[in-house]
Amino acid sequence: MDGEYAWWMQQKDYIENPSDEREIIFLGDSRMKAAIIPEEIAQNVYNLAIGGGTAIEMYYALKTYLKNHPAPEKIFLGFGAFHYTQNECFENRTLYFHYLSPKEEKEAQEVKFNDGAPLSQREKANLLSLIRRYDIRFPNLYASAVFHSFFRRTKLNRQNYSDVAFSKGQMFFGKSEKSIALNSEAKEKSFEPLYSIRFYLDKIILLCRENNIPLYIIQLPMNEASFNAVQTSGYAEQFAAFMRGIEKKYAIFVETQIPCYPSEFFGDPSHLNSSGAHRFSAEIKEKYCL
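Figured I'd write up the structure that's included with this text. All residue numbers refer to position in the chain's written sequence, counted from 1. Local features in this predicted model are restricted to residues of pLDDT 70 or higher, and side-chain atom pairs are both shown and tallied only at a pLDDT of 80 or more, whereas totals for entire chains, interfaces and linings draw on every residue. Side-chain metrics rest on all non-hydrogen atoms present in the structure, leaving aside hydrogens and water.

**Here we look at the overall build of the protein chain**
- Helix and strand assignments follow DSSP, with helices taken as H or I runs no shorter than four residues and strands as E runs no shorter than two, numbered in order from the N terminus. A tally of helices and strands in the protein chain yields 11 helices and seven strands.
- For the C-alpha atoms alone, the extent of the protein chain along its principal axes is close to 50 × 45 × 40 Å.
- Within the protein chain, the fraction of its 290 residues that count as buried is 54%.
- Positive: Lys, Arg. Negative: Asp, Glu. His and the chain ends are not part of the count. Note that the charge is assigned to NZ on lysines, CZ on arginines, CG on aspartates and CD on glutamates. Here the protein chain carries 34 positive and 36 negative side-chain charges, and the mean point of each set is 4 Å from the other. Note on classification: 1.4 Å probe, protein chains only; a residue is buried when its accessible area is under 20% of the maximum for its type, exposed when over 50%, partly exposed between these limits.

As structure tokens, then:
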């Protein structure tokens, strides 16, 4: 499989393996996975974010986690704003990696039918058929992975799995000492959340409420160039309004403003580097008294 596979499978194995430890967990996408260094926050912290993850994957991850672990002491949930407006990894990671059960895949796809323009019955049937082809490992979908596994991927994936397990779920994506390039949000003119993301975000919140778990929705930093762009376009205010709506609807703690960090804290346009992660982890530890 491609490079993300090891990190997704390590997280999946962790949530499926029983444990008695009561933890503080962080859920989200790659920005969260890079930003939170568990050992710098508390001994019982674990980073369960996955690259490309959305509220869809995090809802099912939390459901699985709760079957095998005590209810977390606290949950922190955070995504880049663009992961409320798009889900670019559902096919090439969620389905491809068999992250969800067949039942969960079909359930999620039925919800995703409500994203964007209405689909015909034929289009819906084709998408459900695609899920079945992934489930049975249809040869043409996995030929490339099989080919590459013989030459270079298997050893590297095993090492990546070991490394991310050792760091309690944290890993870096960009490793540059500075990034001034624009991220995905900076290239958008408006913020329009997907139906499926809103649906599963609601389900995460309600699942936490049912299990008496304090939930905090936090925001991940942007570099200065991206931050200025989303402020100028109005994207940031539209996103903040969306967050305020969640806060009002559920009376939970929601950060509504996106933090801005200097460019030297970014390893690429979207992800914090080591310096940025150390800073952000320290700020979360102090702000939430962890």
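**Structural notes on the nonpolar core**
- To qualify as a nonpolar core, a set must consist of buried Ala, Val, Leu, Ile, Met, Phe, Trp, Tyr and Cys residues joined through side-chain atoms within 4.5 Å. With 66 residues, the main nonpolar core has M58, L62, L77, Y84, L201, I217 and I246 as its most contacted residues.
- At nine residues, the largest contribution of residues to this core is made by helix α3 (residues 55–68).
- In terms of nonpolar packing, the next biggest core, distinct from the first, is built from 21 residues, A35, F76, F266 and I284 among them.

**Concerning the sheet that holds strand β6 (residues 253–254)**
- A pair of strands is considered paired only if DSSP assigns at least 2 bridges between the two. Here five strands make up an open sheet; going across it, the order is β2-β1-β3-β4-β6 and the pairing parallel. The sheet is open, and its two borders are formed by β2 (45–47) and β6, each paired with just one other strand.
- Strand direction decides the pairing type here: strand β1 (residues 24–28) and strand β3 (residues 74–78), joined by five bridges, are parallel. Across the sheet, residue F26 finds its bridge partner in β3, namely F76.

**Some words on the pattern of salt bridges**
- Each reported salt bridge corresponds to a side-chain nitrogen of Lys or Arg within 4 Å of a carboxyl oxygen of Asp or Glu. If you walk through the whole model with that rule in mind, you get eight salt bridges.
- Residue K249 pairs with D202 through a salt bridge whose shortest N-O separation is 3.5 Å. Taken as a pair, K249 in helix α10 (residues 235–250) and D202 in helix α8 (residues 195–210) lie far apart in primary sequence, 47 residues in all.
- Assessed through its relative accessible area of 54%, K249 is described here as exposed.

**With respect to the environment of K103**
- Relative to the assigned elements, K103 resides in helix α5 (residues 102–112).
- Judged by relative accessible area, which is 67%, K103 ranks as exposed.
- The spatial distance from the C-alpha of K103 to the C-alpha of N212 is 26 Å, given a sequence separation of 109 residues.

**So, the environment of S167**
- Take S167: it is sitting in the loop between α7 (139–166) and α8.
- The exposure class assigned to S167 is partly exposed, which follows from its relative accessible area of 22%.
- Separated by 139 residues in the primary sequence, S167 and G28 place their C-alpha atoms 16 Å from one another.

**What about the side chain of T85?**
- As for its position among the elements, T85 is in the loop between β3 and α4 (90–95).
- At 2.9 Å, the side chain of T85 and the backbone oxygen of F82 are in polar contact. Whenever two N or O atoms come within 3.5 Å, that pair is a polar contact, provided that in protein one can donate a hydrogen and the other can accept it, and provided that, for residues adjacent in sequence, both atoms are side-chain atoms.

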